Amino acid sequence: MAKLFLGLDSSTQSLSAVVIDYDSRKVVYEKSLNFDRVLPQYQTQNGVLPNPDPLVKHSPPLMWADALDLLFAEMKEDGVALGNLLAISGSGQQHGSVYFNHRAGGALSGLNPAKPLVENLTGIFSRKTSPIWMDSSTAAECAEIREALGGIKATAQKTGSDTFERFTGPQIRKFYKTEPEAYAQTAGIALVSSFMASLLAGKIVPIDHGDGAGMNLMDIKKKVWHPDALKATAPDLDRKLPPLAESWKVVGAVSPYFVKKFGVNPDAQSLVWSGDNPCSVIGLGLIKAGQVAVSLGTSDTFFGSMRSCHTDAHGEGHVFGSPAGYYMTLICFKNGSLAREKIREQYGIKDWNEFGKQLASTPPGNRGGILLPWFDAEIVPRVNQPGIHRFDLDEKDAAANCRAVVEAQMMAMRLHSRWMKVAPDRIFATGGASQDSPILQIMADVMNCRVLRIEVSKSAALGAALRAAHGWLVRAGERPEWVKVVAGFTDPIPNSEIRPNPKATKVYDKLVEKYAACERAALASGNA
Ligand code: XUL
């Protein structure tokens, strides 16, 4: 019988499923439900509730539960062999939190398949809506927690990251400060990932080390709740948080609700879920320490796996637990495609092919011309005031400006990933702009590293399915090697390797120092 594993991904805008056939190394089913489209009654826009305050971004947790019911109904209707599933795990948008009252445990263990899931959950929340990762309304709480923990460097050393507005600890503190009664009635706090896992398991389940690290509450080295961080955040937090667990922990059989209602295998094992980025690390095959991927999307993210835990003293990057056992890092550059597109539009360049030709017509190093493309407020480096800065660069020179935007992005990656102390032997490039070889050539030259393209759709859901397979094998007493678990599912595109050009690399070894000085000058000028 085929060994089937299900991976789910509860993201900001949708809930997705990927089913893998482990022995034939194939994805046999994929489906995505868009919240706004299939559940319009929750009135979300791109999965988020409208709010007059632009800094506040919440979503309804009942909508995520409703989507789970719908997705299982669709899988059944589509003929997915749910009765043969061996294990299920999932991935959740990171940082978002769900607040339960004392009725939650009983409701979860007694889920009635004759009723919709949401009806079963009526009256179990002490807070109706969940703040999500897009929320940036907790600047005051970030400052308070950071100060109590001893500043940026100490906060990062203790919890893996400096305090960030979207991280769960500052969000919990804001809830405690603004709604103290509702906070007092909160018996349990879950992340999106552990909330969804609790629905599937029919009980409150642990938070894994991958997603737990995105809270400013977990001791990143010991992987237990950090007493100083709990104290700095809100009272009685140790009683409200679930335990932490390894990402491969099996929490029990799937709830009878899913067995009776949709015909899921009663022996199917339910695992803890993890965050979408830790799951993507697996879904992109980054299982060896030192492996790095760059996703060139709306924003550019640089993430990879790291054997021992180094944190960023400047507080720009994050360290999370990797589901493969070590650590993973994540650096998010907001001005990714956004900045590339703005430059392309500004110079009237019709498409990316043409943009690539402009890059090829200019020399590596751009004759010393530098652009800081902070069209939007930037996360790394922290830039609150958007602005474009040019150094030794003629604004009228279209080709030089095209090269400058890409070189700046790659040099920012090189500079701001130094703290990771990881020298990758190859970088996997994914996301829309990874189709463009001239962009990848600049990446290879600046980073002095081979670049390979990898195209995995739904990398978080695939990562979750692979985690389900791994956890099931561990439970069966096997010692599955991650390299073997991901083999065949996460291979780079054949013949996509781009090698660094040694001459160009030499140019960038020097230019990156000039770039760093330009960043410092722009930040010091107060315009940034
Ligand atoms: C990571 C982060 C986002 C969310 C998106 O820190 O905030 O990538 O996980 O789902």
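Our subject is the structure that appears above.
In this text, all values refer to a predicted model and were calculated from it rather than measured experimentally.

Undergrad: Help me out: how do you make sense of the packing of helix 16 (residues 352-360) against helix 17 (residues 398-416) in this one?
TA: For any two helices packed against each other, one specifies the crossing angle of their axes together with the interaxial distance. Across the interface, helix 16 lies against helix 17 with an axial gap of 8 Å and an inter-helix angle of 95°. On the basis of the axis angle, helix 16 is roughly perpendicular to helix 17. On helix 17, the residues touching Phe355, Gln358 and Leu359 of helix 16 are Ala398, Ala399, Cys402, Arg403, Val405 and Val406. Its residues placed into classes, the contact of helix 16 with helix 17 shows seven nonpolar, one polar and one charged.

Undergrad: Looking at this model, I keep getting lost on the site of the ligand. Mind explaining?
TA: Close to the ligand lie Gln93, Gln94, His95, Trp133, Arg166, Asp276, Asn277 and Leu330, which account for all nearby residues. Contact between the ligand and glutamine 94: an oxygen atom at 3.1 Å from a main-chain N or O atom of the residue. Interatomic distance of 2.7 Å between a side-chain N/O atom of histidine 95 and an oxygen atom of the ligand. A breakdown of the residues in the shell around the ligand according to their chemical character gives two nonpolar, four polar and two charged.

Undergrad: How should I be thinking about the sheet that holds strand 23 (residues 450-453) in this particular structure?
TA: Working definition: the strands of a sheet are paired by backbone hydrogen bonds and lie parallel or antiparallel to each other. Ordered in space as 18-19-17-16-22-23, the six strands form an open sheet in which the pairing is mixed. Taken across any chain shown, the strands that pair with only one partner, and hence form the sheet edges, are strand 18 (318-321) and strand 23. For this sheet, the mean angle separating the axes of adjacent strands, direction not counted, is 25°. Where strand 17 (residues 300-306) and strand 19 (residues 327-333) come together, seven bridges link them in antiparallel fashion. Within strand 19, the residue paired with threonine 301 across the bridge is cysteine 332. The sheet strands contacting helix 17 are strand 16 (292-296), strand 17 and strand 19, and the helix crosses strand 19 at an angle near 145°.

Undergrad: Got a minute to help me understand the packing of aromatic side chains in this structure?
TA: Where two aromatic rings form a pair, the distance of their centres and the angle of their planes describe that pair. Applying the stated criterion across every chain yields a total of 15 aromatic pairs. Seen in terms of ring centroids, phenylalanine 72 and phenylalanine 258 are 5.0 Å apart; in terms of plane orientation they differ by 50°. Their pairing is tilted. Here phenylalanine 72, found in helix 2 (residues 61-77), pairs with phenylalanine 258, found in helix 13 (residues 256-262); they are 186 residues apart in sequence, far enough to count as distant. Here phenylalanine 72 matches phenylalanine 258 in class, with each residue buried. Taken together through their ring pairs, the aromatic side chains of Phe72, Tyr257, Phe258 and Phe262 make up a single cluster. Sitting over the ring of tyrosine 183, lysine 240 keeps its end group 4.5 Å from the ring centre. The ring of tryptophan 352 has arginine 344 lying over it, and the distance from NZ or CZ to the ring centre is 4.6 Å.

Undergrad: Help me understand the state of the cysteines, please; the structure alone is not making it clear to me.
TA: By definition, a disulfide links the sulfur atoms of two cysteines through a covalent bond. What the rule picks out here adds up to zero disulfides. In this structure cysteine 309 is a free cysteine whose sulfur lies 20 Å from that of cysteine 279, the closest cysteine sulfur available. A relative accessible area of 13% places cysteine 309 in the buried class. For cysteine 518, which is in no disulfide, the shortest distance to another cysteine sulfur is to cysteine 402 and amounts to 19 Å.

Undergrad: What's the story with the side chain of histidine 470 in this structure? I'm lost.
TA: Structurally, histidine 470 can be placed in helix 19 (residues 459-475). Judged by relative accessible area, histidine 470 falls into the buried class, the value being 5%. In this structure the side chain of histidine 470 is engaged in a polar contact, spanning 3.4 Å, whose partner is the side chain of tryptophan 482. Once residues lying within four places of it in the same chain are set aside, the contact partners of histidine 470 are Trp248, Pro480, Trp482 and Val485.

Undergrad: Looking at this model, I keep getting lost on helix 5 (residues 139-149). Mind explaining?
TA: An α-helical turn contains 3.6 residues, so a residue and the one three or four places further along point in the same direction. Among the residues making up helix 5, those that are buried are Glu141, Cys142, Ile145, Arg146 and Leu149. Take helix 5 and look down its axis: the buried residues cluster within an arc of 130°, on one side only. Opposite the packed face of helix 5, turned more than 90 degrees from it, sit the exposed residues Glu147 and Ala148. Among the structural elements, helix 6 (152-159), helix 7 (168-178) and helix 11 (227-233) are those in contact with the buried residues of helix 5.

Undergrad: I would appreciate a short explanation of helix 19 in the present structure.
TA: Look at helix 19: 24 Å from first C-alpha to last across 17 residues, which is about the 24 Å you get at 1.5 Å a residue. The buried fraction of helix 19 is high, at 14 of 17 residues. Within two residues after helix 19, glycine 477 carries a phi angle of roughly 90°, on the positive side.

Undergrad: Explain the environment of isoleucine 388 here, please?
TA: For isoleucine 388, the location among the structural elements is in strand 21 (residues 387-391). The spacing of isoleucine 388 and tryptophan 374 is 14 residues in sequence and 5.5 Å in space, taken between C-alpha atoms. When near neighbours in sequence (up to four residues on either side) are disregarded, isoleucine 388 contacts Leu371, Leu372, Pro373, Trp374 and Phe375.

What counts as what
Residues numbered from 1 in each chain as written. Predicted model: local features only at pLDDT ≥ 70, side-chain atom pairs only at ≥ 80, totals over all residues. Heavy atoms only, no water. Axes fitted to C-alpha atoms, helices over the stretch in contact; angles between N-to-C directions. Helix = DSSP H or I, 4+ residues; strand = E, 2+ residues; numbered from the N terminus. Parallel < 35°, antiparallel > 145°, perpendicular 65-115°, else oblique. Contact = heavy atoms within 4.5 Å. Nonpolar A, V, L, I, M, F, W, Y, C, P; charged D, E, K, R; others polar. Near = heavy atom within 4 Å. Polar contact = N/O pair within 3.5 Å; in protein donor to acceptor, adjacent residues only side chain to side chain. Pairing = 2+ DSSP bridges. Phe/Tyr/Trp six-rings, centres within 6.5 Å; stacked < 30°, edge-to-face > 60°. Buried < 20%, exposed > 50% of the residue type's maximum accessible area, 1.4 Å probe, protein only. Lys NZ or Arg CZ within 6 Å of the ring centre and 35° of its normal. Disulfide = S-S within 2.5 Å. Arc of directions from axis to C-beta. Expected span 1.5 Å × (residues − 1).

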